[in-house]
Structures are given as C-alpha cells and as structure tokens.
Amino acid sequence: MFKDKIKAFIKKAFTPITIVFIPYSNVKSRSIHIPSIGILTIIAIWAAFSYIALSSAVGRVEYQRMKSKLNYYAEQFTELNNTIGTLKQAESDLLTLLSKGSKEAVLMSVDTSDRGSLEDIEAIRKEAMERVKSVEEIKEYLRLQRDIFMATPRGWPVDGRVTSHYGRREHPTDGFIDFHAAVDIASPPGSQIKATADGIASYSGRSGGNGNVVVIEHGHGFSTLYAHNKENLVKVGQQVKRGDVIAKLGSTGNSTGPHVHYEVWKNGRHVNPMPYISARDESSERKEK
C-alpha cells in the first residue's frame, strides 16, 4: 500500500501542466508543458530567495538604526567631556580668587575681560546635570540591548546534524502529514544539550510523546524547548547561562532515534529555529540531511 502511495505521488508530481502564452498582436500563441513538480520547485526557489533577501534587508536596517544611535551617544559623551572641562576651569578660577587674603584682593583680582567663566557657573552646572542624565539614558539603552542579546537564542543546542526541519512534513511514525514546530538534531545518545540563551527553567519533567522535556524562559518574549531527552539536568526555577548543559540527549517518548527536538518560541508563538541556530559563528559548520 505504501508503494502504491509513492507511485501515485510520483504520477501526480510529473503530470504535465500546459501554460499558454497569448500575445495581443497577431503573432501565433505558444504553449509549454511543465511537470507539476517543476512548478512547485520554481515556487519553492522563489520563496527561499525572497525569504533570504527579506531577512538580509531587515538585518541591515536594524544595524544602521543601532549604528546611528551609538553615533549620537558618542557625540553626547564628547559634549559632556567639554562641559566638565569648562566646569573644572570655572572651579579653578573661583578657588584662585578665594585664596586671596582679603576682600580687596579678591575684587582686584577679578578679570573683567572674561567674566563668563564665573558668572555662568550655575548654567554650566545645569548643563552638566543634563549631560549626566543623558549618560544614564545611554547606559540604560545599552543595558536593555545587552539583555535582549543575552535572551535571544543563538547557536546549536547540541553538536549534530539536522534530520527534520521546521514546517510541514510526513510524520516519521504514523505517516500522516503534519506541522513540525521544531528542528530535530541527531547526535549520539548521552550527548550534552546546552541552553542557547540565558534564562530560567520553567519546566523539567515528562511530557507524553515528547518524553523528557526542558523548557527555558529567556525573557523579552523568548523561550526554548528541548524534548526526547535521556535525562534532564536542571530543576524548575534554576537559572542557566547560554552554553550551560541542561540535559543529555536521548530517544524518550515517540521517537525513532536519539535526537533533540528543539523549539524556539517568541511572544507566545513557535518560530523557525534555523535563523537562530545560524546566528552563531559563520565559521562553525554543521551537516544537514
């Protein structure tokens, strides 16, 4: 019966589709015959290139936005240093005057050709306070960006090869077409599974067909799930850092072999883990089936 399904699928895939081109002029119309699988292949290639182009454009826009903001902050630091320099000079001038032995000596020492350094002390002080406030805003911005960076999943949860991608597929055990909300990465039993971002373990236990499961909340809308583990090594509430070993790879639950079922969730919805896996060093190479 399985062979019949395969034959039927192949027959449908190579069933030709006729495309007719009808010009507006008196030129004779033309037609071409393309197998169904050929059209699907063209659509798939177009979709892949569109996705790559869109991802690249979004990355460039985000980079330029952050670069522009950091340039602005660099200018703020320069202005702050200049303001502090002016304030220190005014302080030095005032201390020099106050070191005179009498009122007459102080008044005689006042330089009337450049009174601004003393008269504008309050204005300079206010400007310095504004600059300090700006520095605090800069620090808060950078702190937030670092928190987001540390909370974003990045890299491979285990050394291995991808055996099943994110998206629609034929289920390996029952043969039905379903949606696979993860990436399966095969590796020898007992291999170390590592957290892909900082966070806190929100679940560590058994979960039906997923076998032994670890879920980590990373903050800023991100969470990750690691399933079919041979053994979980973290407890609920335990803090982890990116790269910490959280489980041993296995084949518990409904599994056809040792692998980790790896999911990435963002703002309550599962997303394709591959862009986050690929965000690692470009020099790191992995085999994909």
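Reading the values: the criteria
- In this convention, every chain numbers its residues from 1, walking through the sequence in written order.
- The predicted nature of this model means local features are confined to residues of pLDDT at least 70 and side-chain atom pairs, given and counted, to a pLDDT of 80 or more, with totals for whole chains, interfaces and linings taken over all residues.
- The basis for the side-chain values is all heavy atoms of the structure; hydrogens and waters are excluded.
- Secondary structure is summarised from DSSP: a helix means a run of H or I of at least four residues, a strand means a run of E of at least two, and numbering begins at the N terminus for each.
- For every residue, the accessible area (1.4 Å probe, protein chains only) is compared with the maximum for its type, and the residue is labelled buried under 20%, exposed over 50%, or partly exposed between those bounds.
- Only heavy atoms matter for contacts: two residues are in contact if any of them lie within 4.5 Å across the pair.
- A pair of aromatic rings is counted whenever rings of Phe, Tyr or Trp (Trp by its six-membered ring) have centres within 6.5 Å, and the orientation is called stacked for planes under 30 degrees apart, edge-to-face for over 60 and tilted otherwise.
- Here, over-ring charges are defined by two tests on the NZ atom of lysine or the CZ atom of arginine: distance to the ring centre within 6 Å, and angle to the ring normal within 35 degrees.
- Among buried residues, those of type Ala, Val, Leu, Ile, Met, Phe, Trp, Tyr and Cys that are joined through side-chain atoms within 4.5 Å constitute a nonpolar core.
- Pairing of N or O atoms within 3.5 Å defines a polar contact, subject to two protein rules: one partner must be a possible hydrogen donor and the other a possible acceptor, and residues neighboring in sequence count only if both atoms are side-chain atoms.
- Here pLDDT means the predictor's own confidence in every residue, given as a number from 0 to 100.

## Concerning the overall build of the protein
Of regular secondary structure, the protein possesses six helices and 14 strands. Classification of the 289 residues of the protein by burial places 28% in the buried group. Across the protein, contacts joining residues at least 24 apart in sequence account for 60% of those joining residues at least 6 apart.

## Some points on the packing of aromatic side chains
This structure, assessed with the given rule, holds three aromatic pairs. Aromatic side chains Tyr-166 and Phe-179 sit 5.1 Å apart centroid to centroid with 90 degrees between the ring planes, which places their arrangement in the edge-to-face category. With Tyr-166 in the loop between strand 3 (161–164) and strand 4 (167–170) and Phe-179 in strand 5 (residues 177–180), this residue pair connects regions lying 13 residues apart in the sequence. Note on Tyr-166: relative accessible area 24%, which makes it partly exposed. Note on Tyr-226 and Tyr-262: the rings are 5.4 Å apart at their centroids and 40 degrees apart in plane angle, and the pair reads as tilted. Of this pair, Tyr-226 sits in strand 10 (residues 222–232) while Tyr-262 sits in strand 13 (residues 259–266); the two residues are 36 residues apart in sequence, bridging distant segments of the chain. A relative accessible area of 0% places Tyr-226 in the buried class. Over the ring of Phe-149 we find Arg-242, and its NZ or CZ is 5.6 Å from the ring centre.

## Examining the nonpolar core
The biggest cluster of nonpolar side chains holds 23 residues, and the ones touching the most others in it are Ile-185, Ile-193, Ile-216, Tyr-226, Ile-246, Val-260 and Ile-277. Where this core is concerned, the elements lending two or more residues are strand 6 (183–186), strand 9 (212–219), strand 10, strand 12 (245–249), strand 13 and helix 6 (274–277). Leaving out residues up to four positions away in the same chain, Ile-246 has contacts with Ile-193, Lys-194, Ala-195, Val-214, Ile-216, Tyr-226, Asn-232, Leu-233, Val-234 and Val-240.

## With respect to unusual backbone geometry
For His-220, which is not a glycine, the phi torsion comes out positive at approximately 55 degrees. On the secondary structure map, His-220 appears in the loop between strand 9 and strand 10. Since its relative accessible area comes to 42%, His-220 is described here as partly exposed. If you check the backbone angles, His-228 has positive phi at about 70 degrees while not being a glycine. Looking at the secondary structure, you find His-228 in strand 10.

## Points about the side chain of Thr-224
Mapped onto the elements of the fold, Thr-224 is located in strand 10. A polar atom in the side chain of Thr-224 sits 2.7 Å from the side chain of His-218. Filtering out sequence-adjacent residues up to four positions away, Thr-224 remains in contact with Pro-153, Thr-196, Val-214, Val-215, Ile-216, His-218, Tyr-262, Glu-263 and Val-264.

## A closer look at the side chain of Ser-191
When you line up the elements, Ser-191 lands in the loop between strand 6 and strand 7 (192–194). Looking at Ser-191, its side chain comes within polar contact range of the side chain of Ser-187, at 3.1 Å. Those residues in contact with Ser-191, other than ones at most four positions away along the chain, are Val-158, Ala-247, Lys-248 and Leu-249.

## Remarks on the confidence of the model for the protein
Low-confidence regions, as indicated by low pLDDT, have predicted coordinates that should not be scrutinised in detail. Confidence along the protein averages 76 in pLDDT terms, with 56% of residues attaining 70 or more. Here residues 114–118 scores under 50 on pLDDT; set against residues more than four positions off or in separate chains, the count is six contacts. Confidence drops under pLDDT 50 across residues 281–289; counting only partners more than four residues distant or on other chains, this segment forms 14 contacts.

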